[in-house]
Structures are given as structure tokens and as C-alpha cells.
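# Descriptive analysis of the structure
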Amino acid sequence: MTEHVLVVGSGRDLPGRVRDALPGTQTSVICRLEFVAKLRRLTEHSRVIAVRHDAPDEEWIALAAAAHAQHPFTRIATFGERDQDRCAAIGEALGLSTHSRRTVTSVHDKNAMRAALRDSGVDATASAVVADVDALRAFAFEHGFPCVVKPVCGAGSAGVAVVREESALAAAFARAGGDFDGLTTSGVLVERFHEGPQFSVEAFSECGEHQIVAVTRKFSDPANFVELGHVAPAALAAEQEERIHTYVTSVLDAVGVEFGATHTEIVLTPTGPRVIETHVRMGGDEIPALALDATGVDLAECVVRQTVGEKVLPGIRAVLAEERPARCSAIWFAAAPVAGVLTDVSGIDDARKVDGVTDVQLLVRPGGAVTVLESSDSRVAYARAVGDTAEQALDAAREAMARLEFHVRVAAANTVTV
């Protein structure tokens, strides 16, 4: 039988890889109007359906159903965060297997995630949706400082703040209640802040069974949690690693994950792991590339193969069981200390010559606007590097970023070099 996969969203290069993975496979796309320009190998799709971002689910379902009636879909997939809820709704309506609406809600809505984890006994972290600063203040006085204030739904650390004193509550509430990247205000969530090093855990699931692939140490801005760097594998004692594996598996069970790649962010507190948030997708920030360097597991290829119906968990476990030379892989980001227009970047060739560096990329081109560090989108460049130890890999990536020089125009007559 010829597979016909309905892709919800743009999916970057993954829809093309789906077609390549199983010759004869066809793909159709339903996505937001503004995503059409991001589609790759556009004319190789059987059809592209573009929908307004604010159209109701019923419209997305009706358009998908009309295409399904003419050319039935055998599978449905989405490869990014945006519109996973639409994918769940369409899959449910057309009888195509994908993440359930409950699972998607439990990972997108951070209040729903906290409720699911408390109800299942996995994580009792105190949290609440607050309607105003008075309610936020009441939570802080009851549970203590510091606390984390964030949008109920959001991504890229936008709107997140750690509040350590009462005087900062009002500003944190205003920040979390704003609009981010086209997402309408979703409400403000406050939760207890957990002290400790932060990690992300990349896992893969199949038929409700979970396999941890890599634990990555992450380094974040202490005020707003924007991620500054990562290294895989994290330097952990065997007992710490086992506790993380067991805990994250319980988190995935609690929110109902049945298949696919997941990215779970945690804090390792003195009393054990505590979740920050989880996602039913691969990690960003080139983390799948770090995991591939460190473990040999290609998460993107596993997603592609699973999408066309292959069983991939046995292959993942076989790769993880192989004897491999110790290798660590790191990434480090740079951000501008001032807002303005990026006029020039120098030192790229020198950065690429640092021993161990495998890649240096600009995220903002000259002529583009830059801001101070507010979210993941504020970062302007990154370097990836490998080493025999986590420290070697991190030092190389940081050294590469230190060799870059950014020229930012902050006023009509002023250019500063940073």
C-alpha cells in the first residue's frame, strides 16, 4: 500500500525525508498561510492547504477531510511545536493515529501539565494560574521566594522570569502576560522555583514504551532562563542518571506520550529531579546533533522512519548498546548586550579554526535587528564543538564565540563594538 502522509505545519526538511525513507510515499501539507514560504521541495507535495492561523479547528478539520475524501491519508504527522493541537484534532476526526488532544494539551498548557503530574504523584511542585499581581503576591507569600512566573503557553523562554523579591512581581506579571511570536495571551502561571543544575532529556517512544537517548547539561541565563549553551552527555554519576531516567519516564507516562521524540527539561534538586516542561518533539538548539555526536542515535531519522510505519526502538537500543569512544558535543550561543541593528560581524574564520569546533553559524545577518537577551530569538550566533570531555567541548565552543566581534548601530550616529 502506498503511504500518504498528511503533514501539519512546515516540517522543514523532514517531509522530504519522509518521502525519501519509503519510495513511493506521498505527502500533503496543511499549514498556516505564513508557513507556505518555509516549505521545502514545495512541488513534490501532492497538495498544500494553507489556512489562516486564527481559523477554528473545525475549518482545519473540514479542509483536511475534503482532501482525505479525494485522496485518503494513511498517516498524519507534525514535526514542530506549532499547531500540534490542530494535528491532534484532525487525527481524531479522520481516525489517524497521532498524539491525543489530552497529551498535546498537557504539554502545551503548563498549568495542565502541572495538574497531570500532581494527579499522578510524579511531581508535586506548587503552581497556580494568577489573574493579577495581588494573586501572584499571595502565591509568593504562601509558598515563598524565589518563584517562576511564565506564560501558561509559550516557547523559547519568552516571558519567563525568576522572581526573588516582592518588588519584582508586578514587572514579572506584565512580562508573562504579553504576546509572544503571534501567540495570544494565554494567562500567567506562577510556580515554585527549584534550585539546581538544569538538564534536557531526549527520549524516544514507541507503543507507549520509552527509551532515554541522551541527557544534556544546559546552561541558562539566571534571570530569564534563556538557554546559553548545552553539552551532551551530561557529566552525571550513575545513580543520578538512573534517577533522571526513571523520573522522565514517569513524566512521559503521566502526560500520555505513546510515540515519537520528546524533549524534557528538568532541574536536578538535592531531593531529586523536578520537571520544568516537556515537549512532544525533538529538542531545539541543535540538541539532536549533539545527541548524534555523543550517542550515534539520529533522532531525526528515527522520527522519519517511525512516521512511515517502521519500528525504531530496537535499532535505537542496539546503537546505545554499542561500544563507542567517549565523545562529548557542545553548543554555545552569543547575544548582543544592546538593542539595535547588526551592521557587521568579524572573526568568523578565526572562530572556525578553534580546535574541536565543528560549526559556527550566524543567527542574525548584517542588517537585521538585535535585542538584549529576552528569549531564544535574541541570540545572534552559535558554535558547536566536540571534545573528549564535556569541559573540552564547552571550552572550544565558548572560545569560538569569544572570537566573534559584533558591530551594532544603536543610534543614527553611533556604532559600538562589542
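Chains are numbered independently. Their residues run from 1 in the order of the written sequence. Where local features are concerned, this predicted model is filtered to residues with pLDDT of at least 70; where side-chain atom pairs are given and counted, the filter is 80 or more; whole-chain, interface and lining totals use all residues. Excluding hydrogens and water, the side-chain figures rest on all heavy atoms present in the structure.

## Structural notes on the overall build of the chain
The secondary structure listing takes helices from DSSP runs of H or I that are at least 4 residues long and strands from runs of E that are at least 2 residues long, numbered from the N terminus. Within the chain, the secondary structure is distributed over 13 helices and 20 strands. Throughout, the radius of gyration refers to the C-alpha atoms, and the reference size of a globule is 2.2 Å times the residue count to the power 0.38. For 418 residues, the compact-globule estimate of 2.2 N^0.38 gives 22 Å, and the chain sits close to it at 22 Å. Each principal axis of the C-alpha distribution contributes one length, and for the chain these read about 60 × 55 × 55 Å. Accessibility here uses a 1.4 Å probe with only protein chains present; expressed as a share of the type maximum, an area under 20% marks a residue as buried, one over 50% as exposed, and anything in between as partly exposed. Looking at the chain as a whole, 51% of its 418 residues are labelled buried. Contacts between residues were defined by any pair of non-hydrogen atoms, one from each residue, lying within 4.5 Å. Taking contacts inside the chain between residues at least 6 apart in sequence as the whole, the part at least 24 apart equals 64%. Approximately 18,100 Å² of the chain is accessible, and the part contributed by carbon and sulfur atoms is 50%. Calculation of accessible area relied on Shrake-Rupley with a 1.4 Å probe; when residues are assessed, cover is drawn exclusively from the protein chains displayed.

## Considering the sheet that holds strand β6 (residues 147-151)
Backbone hydrogen bonds are what pair the strands of a sheet, in a parallel or an antiparallel way. We treat two strands as partners when DSSP finds at least two bridges between them. What the four strands build is an open sheet, ordered β5-β8-β6-β7; its pairing is antiparallel. Each having just a single partner strand, β5 (127-130) and β7 (161-163) make up the two edges of the open sheet. The average undirected angle you get between the axes of adjacent strands in this sheet is 25 degrees. Two strands pair when backbone bridges link them, and β6 and strand β8 (residues 188-192) are joined in this way by five bridges, in the antiparallel orientation. Counted as the bridge partner of valine 148 is glutamate 191 from β8. Across the sheet, helix α5 (residues 110-119) touches β5, β6 and β8, and the angle it forms with β5 is around 150 degrees. Helix axes are fitted only over the stretch in contact, all axes being lines through C-alpha atoms; the angle between N-to-C directions runs from 0 to 180 degrees.

## So, the state of the cysteines
The disulfide criterion is simple: two cysteine sulfur atoms within 2.5 Å. As enumerated under the stated definition, the model contains zero disulfides in all. Of all cysteine sulfurs, the one in cysteine 87 lies closest to cysteine 153, which takes part in no disulfide; the gap is 17 Å.

## Some thoughts on the nonpolar core
Take the buried residues of types Ala, Val, Leu, Ile, Met, Phe, Trp, Tyr and Cys, join any two whose side-chain atoms come within 4.5 Å, and each joined set is a nonpolar core. Core analysis: the biggest nonpolar cluster contains 30 residues, and Val360, Met401 and Phe406 have the highest contact counts within it. Listed by contribution, the elements that provide at least two residues to this core are β14 (328-335), β15 (340-346), α12 (348-352), β16 (357-362), β18 (379-387), α13 (390-402) and β19 (405-411). With seven residues, the single largest contributor to this core is α13.

## A closer look at the pattern of salt bridges
One side chain can pair with another of opposite charge once the charged atoms of both are near each other. Definition used for salt bridges: Asp or Glu carboxyl oxygen within 4 Å of a side-chain nitrogen of Lys or Arg. Tallied over the entire structure, the rule returns 29 salt bridges. The closest approach of N and O atoms between glutamate 191 and arginine 114, which form a salt bridge, is 3.1 Å. One end of the pair, glutamate 191, is in strand β8; the other, arginine 114, is in helix α5, with 77 residues separating them in the sequence. Take arginine 114: its relative accessible area is 2%, and that puts it in the buried class. Linked by salt bridges that have partners in common, Asp13, Arg17, Glu301, Arg305 and Glu310 make up one network.

## Notes on the packing of aromatic side chains
Stacked, tilted and edge-to-face are the three classes applied to pairs of Phe, Tyr and Trp rings, where Trp contributes its six-membered ring and a pair requires centres within 6.5 Å; stacked means planes under 30 degrees apart, edge-to-face means over 60, and tilted covers the rest. The full count for this structure, using the stated rule, is three aromatic pairs. Between the aromatic rings of phenylalanine 141 and phenylalanine 145, the centroid separation amounts to 6.5 Å while the plane-to-plane angle is 75 degrees, which identifies the pairing as edge-to-face. Note on phenylalanine 141: relative accessible area 52%, which makes it exposed. Look at phenylalanine 145 and you get partly exposed, because its relative accessible area is 30%. Between the NZ or CZ atom of arginine 398 and the centre of the ring of phenylalanine 219, over which it lies, the distance is 5.5 Å. A cation over an aromatic ring shows up here: arginine 398 above the ring of tryptophan 332, its NZ or CZ 4.3 Å from the ring centre. In this analysis the charged atom, NZ for Lys or CZ for Arg, is taken to sit over a ring once it is within 6 Å of the ring centre and within 35 degrees of the ring normal.

## Concerning helix α4 (residues 101-108)
Within α4 the residues assigned to the buried category are Thr103, Val104, Ser106, Val107 and His108. Contact partners of the buried residues in α4: α3 (84-94), α5 and β13 (272-279).

## Quick word on the side chain of threonine 27
Secondary-structure assignment places threonine 27 in strand β2 (residues 26-32). Each polar contact in these results corresponds to two N or O atoms within 3.5 Å; when the atoms are within protein, one needs to be able to donate a hydrogen and the other to accept it, and residues that are neighboring in sequence are counted only if both atoms are side-chain atoms. Here the side chain of threonine 27 touches arginine 19 through a polar contact of 2.7 Å, side chain to side chain.

## A short note on the packing of α3 against α4
Contact geometry of α3 with α4 gives a least axis separation of 9 Å together with a crossing angle of 170 degrees. Between α3 and α4, the crossing angle belongs to the class labelled roughly antiparallel. Touching Gln84, Asp85, Ala88, Ala89 and Glu92 of α3 are Arg101, Val104 and His108, all from α4. For this classification, the nonpolar set comprises Ala, Val, Leu, Ile, Met, Phe, Trp, Tyr, Cys and Pro, the charged set comprises Asp, Glu, Lys and Arg, and every other residue, Gly included, is treated as polar. Taken together, the residues of the contact of α3 with α4 sort by class into three nonpolar, two polar and three charged. Comment on the angle field: the value is read as roughly parallel under 35 degrees, roughly antiparallel over 145, roughly perpendicular from 65 to 115, and oblique elsewhere.

## Remarks on the sheet that holds strand β1 (residues 4-8)
The four strands lie next to each other as β3-β2-β1-β4, forming an open sheet whose pairing is parallel. At either margin of the open sheet sits one strand with a lone partner, and together these are β3 (47-51) and β4 (75-77). Sheet twist, expressed as the mean angle between neighbouring strand axes with direction ignored, is 20 degrees. With three bridges joining them, β1 and β4 adopt parallel strand pairing. In the strand pairing of β4, leucine 6 is matched with isoleucine 76.

## Structural notes on the pairing of β6
β6 sits mainly inside the fold: five of its five residues count as buried. Sheet analysis places β6 next to β7, joined by three bridges and oriented antiparallel. The residue of β7 that forms the bridge with valine 149 is alanine 161.

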